[in-house]
Amino acid sequence: MATFLYRLGRGAFRRRGLVALLWVALLFAAGFGAASAGAPTSGSFSIPGTEAQKAFDLLDERFPGMAADGATARIVIKAPEGAKVTDAGPKAEVQKIVTGLKTGPGAAEISSVADPYEAQAVSQDGSTAYISAKYKVSGMELKDDTREALKVSGDGAKAAGLNVQIGGDALMAAPETGSGEIIGIAVAAIVLVITFGSLVAAGLPLLTAIIGVGIGVSSITALANVLDLGNTTATLATMIGLAVGIDYALFIVSRYRAELAEGRERDEAAGRAVGTAGSAVVFAGLTVVIALVGLAVVNIPMLTKMGFAAAGTVVIAVLVALTLVPAILAFAGKKVLPAGEKSRLFGKGKPAGAEKKANGGTRWARFVLRRPVMVLLAGVIGLGVIAVPASKLEMGLPDDGAQPVSTTQRQAYDLLSDGFGPGFNGPLMVVVDGDKALADSTVDRIKGLDGVVAVTPPTLNEAGDAAVITVIPKDRPSSTHTEDLVHEIRDGSGDDVLVTGATAMNIDFSQKMNDALLPYLALVVGLAFLLLMLVFRSILVPLKAALGFLLSVVAALGAVVAVFQWGWLGSIFGVEQTGPIMSMMPIFMVGVVFGLAMDYEVFLVTRMREAYVHGERPGQAVVTGFQYSARVVVAAAVIMIAVFAGFMGASDQMVKMIGFGLAVAVFFDAFVVRMAIVPAVLALLGHKAWWLPKWLDRLLPNVDVEGESLRKHLEKSADSPEGPDKDRELVNA
C-alpha cells in the first residue's frame, strides 16, 4: 500500500493542475445539486420491530390519514388571574385565533383546526384552553409565511391580557449552530499557524477540509429528500468531516515538511509523505467509516442514514488528503515552510538533519518511560473517577419539556402541565385490532390501573374492526412511572392491543438503543481490532487501543451526565434545561469517538512501529514516535476539540449535546489515553508489545503502513541503472 500511495502522491504533485480542477469541478457539481434540490425535511422516524411501530403501522392501515406525519401546533391560552377562558372577553379572543387560523395567511396548509370549546379542550378550573391545529406538511416543509402567521396568531389575545404560548412541531426549524462553528474554525486556524509557523501551511488543511466538507454536505443536501435524510444529518456530517479533514491534511503536511527537512526534492517529499502518513490516514479513515457504517446494526433507519452520510464525508476527506493536499503543496512551493526554514532546509544555512534540541514530545516521552506505573495509574484512576456519573445515566428523547424555559414551546408545555396535569403532554395511544367489545373491555381494564388520569371512549374506524383509545398518564412523559404504565398496559394485553404515541415510541427507542449497544460495540471494536492488527502486526497494541478507547468514552459519558443530566457547570456550557440524555447518545458516541480516537492511535503508534521496524529498541521507538508525532497529534486534537465544541452553540439540543460529548471524549482520549496511558503501557510491555504469533503473521496480509517495503523499493530504484527516474516514468504512465 505504501508504494501505491507513494506513486499516487507524486502523481498528484506533478499533475497538480488536473487534480485541483477535478476537485473544484466536483465541488461545483455538488453545490449545483444542493441548490437545485428542495429544502430538506425533518426525515421520517421509525423503529422497526417495536410494538409502538407495529401499532403505528396498524393505525396507518385501519385509520387512513390519522397517522399522517403533518406538523401539529397547540396554541395554549391562559386567562389572567381571577378570570376564566370561558368568560365572554377571553372566549371572544380565543375564537378570533381559531378564525384567523382557518381563514388567514397559511390557512391553505392547515388541514384542521379544533375549537377548544367544542373539543372539550378547556381545563376543569377554566383557566386554560388550547387550540389544536393540524398541517398538511411537516414542520420543516412549512412555508415561512405560514410559520410566521402561527407565531403572531395570538398577538391580539396577548394585547387583551391573555397568556398565549405555542407548542408542537409546527415551529420546528433547521438547527442553527450560531457563531460557535466559526469560532471553532478560527481556533483551528490559530493552532495551525502556531504548529507550522506559516500562514500558507496553516491555511492548506483548512482549505482542503472545507472543500471536502463542501462536497460531502452539498451531496447530502442534494439527496436529502430522495433518501429521506433528517435535517440534522448535514450538521453532523459537517462536524465530523471538518474535524477529520483538517486532521488528515495536517498529518500529510507535517510529514511532507519532515521529508523536506531530510533534504529531499519536493515531489519526492510529497510521494513519501503520502506513502507513509497517507497510509496512516487511510487506516484511520477506515476505522471511522467502520464505526459510522456499523450504526446500521441498530436497525433504526434514521441513525443508519446519519452514519452512512457522515461516513461518506470521511471517505471524501481521506481522498482529499491523498490527492488534493499534495497537489496544493505543489502550488505552494516553499511557502509551506517557516521563513527561516525556507533557506535552511534547501542548503543555504544550517545543514539539513543537524542535531536539534529535544522537543516537548521527546521530553514527555522520556518522563513517561522513567515513571510508567505512576503515569498509568494516574490516567486510569482519573478517567475512572470522571466516569462514575455514567452509572446514573437516564436516557430518553427530548420533547418540548427539554426546551429552554425562555422558549414559547417550553412555556406552552408548562401551561398544559399546570392546567391539565403532567401526563397531558405525553398521552398514550392504544390501538385495538378488534371489534367494539374488545375495545370496551380494554378501556375498562386500563381505567383500573394506577397512574391513569383519564381514558377516552374508543374511536372505531369505518369498518368497525379497529379502535383507538387515548390514555392520559398521571406523570410526565419522561417519568419512570409513565414507562411502568406502558409496560403494565402491554403486559396485561394480548397481541390485539398495542400501545404507541410519542411517549411509547420514546420508551421503545431507548430500549432498542440499550439492546443494540453491546452487539454494536462488539462488532465495531472487533473489526477495528482486526484492522489495527494488520497495521501494527501485534496483538497487544490493538487490545490496548480498544481498552483505552472504552475508558475514554465511558469517562466522556460521565461528563455528559454530570453536565446535561445533573446540571453541573451547565451555565458555562450553555445548558439551560437538564433532563435525560438522548437515547442515541451513548451508541453514537461509541461509534464516532472510536473512529476518531483511532486516528491518533494510528498516527502516533505507526511512527513508533516504523522506528521499531527500522531497528530501534522499544523504549527509543516510543521516544522517536513522540519526537515526530506528538506536536502534530496535540495540534490535531486541539483542532478537533475546537470544531466539536463550536457546535455547542447550536440551537438543537441533540447537536449541542453531541458536540460537547465528542469534544470531551477527544480530549480524554488524545491527552490522557494516547499521550499518557499508551506510552506507559508500551514502556511496561517492551518487545512484547510488538509480538505476533508466526502462524498469524503468515496469514495476515502485509499492508506496510510503516513504509518498510517502500524504503526497500526506493533504495532498489536508486541503485538500478534507470535510477530514480524509473518511478517518475511509472507516475507519468
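These numbers were taken from a predicted model, which means no experiment stands behind them.

1. Focus on the overall build of the protein
Along the protein, the regular secondary structure elements total 25 helices and 11 strands. Relative to its 733 residues, the protein shows a buried fraction of 54%. Counting contacts in the protein only where the partners sit at least 6 residues apart, residues at least 24 apart contribute 79% of the total. Carbon and sulfur atoms make up 60% of the accessible area of the protein, which totals about 30400 Å².

2. Some points on the pairing of strand 10 (residues 497–500)
Judged by which residues are buried, strand 10 turns out to be covered on both faces: V497 and V499 on one side and L498 and T500 on the other are all buried. Where strand 6 (residues 428–432) lies against strand 10, 4 bridges are found, and the strand directions are antiparallel. Each bridged residue has a counterpart across the sheet, and for V430 the counterpart in strand 10 is V499.

3. Concerning the confidence of the model for the protein
Low pLDDT means the predicted coordinates in that region are not meant to be read closely. Mean pLDDT over the protein stands at 83; residues scoring 70 or higher make up 89%. Ranking the elements of the protein by mean pLDDT puts helix 25 (residues 725–732) last with 43 and helix 14 (residues 372–387) first with 95. For residues 342–354, every residue scores under 50 in pLDDT, and the model assigns this stretch 21 contacts once sequence neighbours within four places are set aside.

4. Regarding the nonpolar core
In this structure, Y248, Y256, L303, M589, F644 and I658 are the most contacted members of the largest nonpolar core, which totals 186 residues. If we skip the residues at most four places from it in the chain, F644 touches M239, I240, A243, L596, G659, L662, A663 and V666. A79, V85, Y135 and L150 belong to the second-largest nonpolar core, a separate cluster that totals 24 residues.

5. Focus: a nonpolar patch on the surface
A surface patch of nonpolar side chains, about 470 Å² in accessible area, is lined by V373, L377, I381, V385 and L684. Broken down by element, the nonpolar patch gets its largest block of residues, 4 residues, from helix 14. With respect to the helices and strands, L684 occurs in helix 22 (residues 653–685). On the accessibility criterion, L684 (46% relative accessible area) is partly exposed.

6. Description of the sheet that holds strand 2 (residues 110–114)
With respect to topology, 4 strands assemble into an open sheet ordered 2-3-1-4, the strand pairing being antiparallel. Edge positions in the open sheet fall to strand 2 and strand 4 (163–167), since each of these has one partner strand only. The sheet shows a mean angle of 15° between the axes of neighbouring strands, taken without regard to direction. On top of the sheet, helix 15 (residues 408–420) reaches strand 1 (72–78), strand 3 (128–135) and strand 4; it is set at about 110° to strand 4, its chief contact.

Cut-offs and rules
Residues numbered from 1 in each chain as written. Predicted model: local features only at pLDDT ≥ 70, side-chain atom pairs only at ≥ 80, totals over all residues. Heavy atoms only, no water. Helix = DSSP H or I, 4+ residues; strand = E, 2+ residues; numbered from the N terminus. Buried < 20%, exposed > 50% of the residue type's maximum accessible area, 1.4 Å probe, protein only. Contact = heavy atoms within 4.5 Å. Areas by Shrake-Rupley, 256 points an atom, 1.4 Å probe, with all protein chains shown as cover. Pairing = 2+ DSSP bridges. pLDDT = per-residue confidence, 0-100. Core = buried A, V, L, I, M, F, W, Y, C linked by side-chain atoms within 4.5 Å. Patch = residues over 30% accessible without salt bridge, like charges linked within 9 Å, V, L, I, M, F, W, Y side chains within 5 Å. Salt bridge = Lys/Arg side-chain N within 4 Å of Asp/Glu carboxyl O. Axes fitted to C-alpha atoms, helices over the stretch in contact; angles between N-to-C directions.

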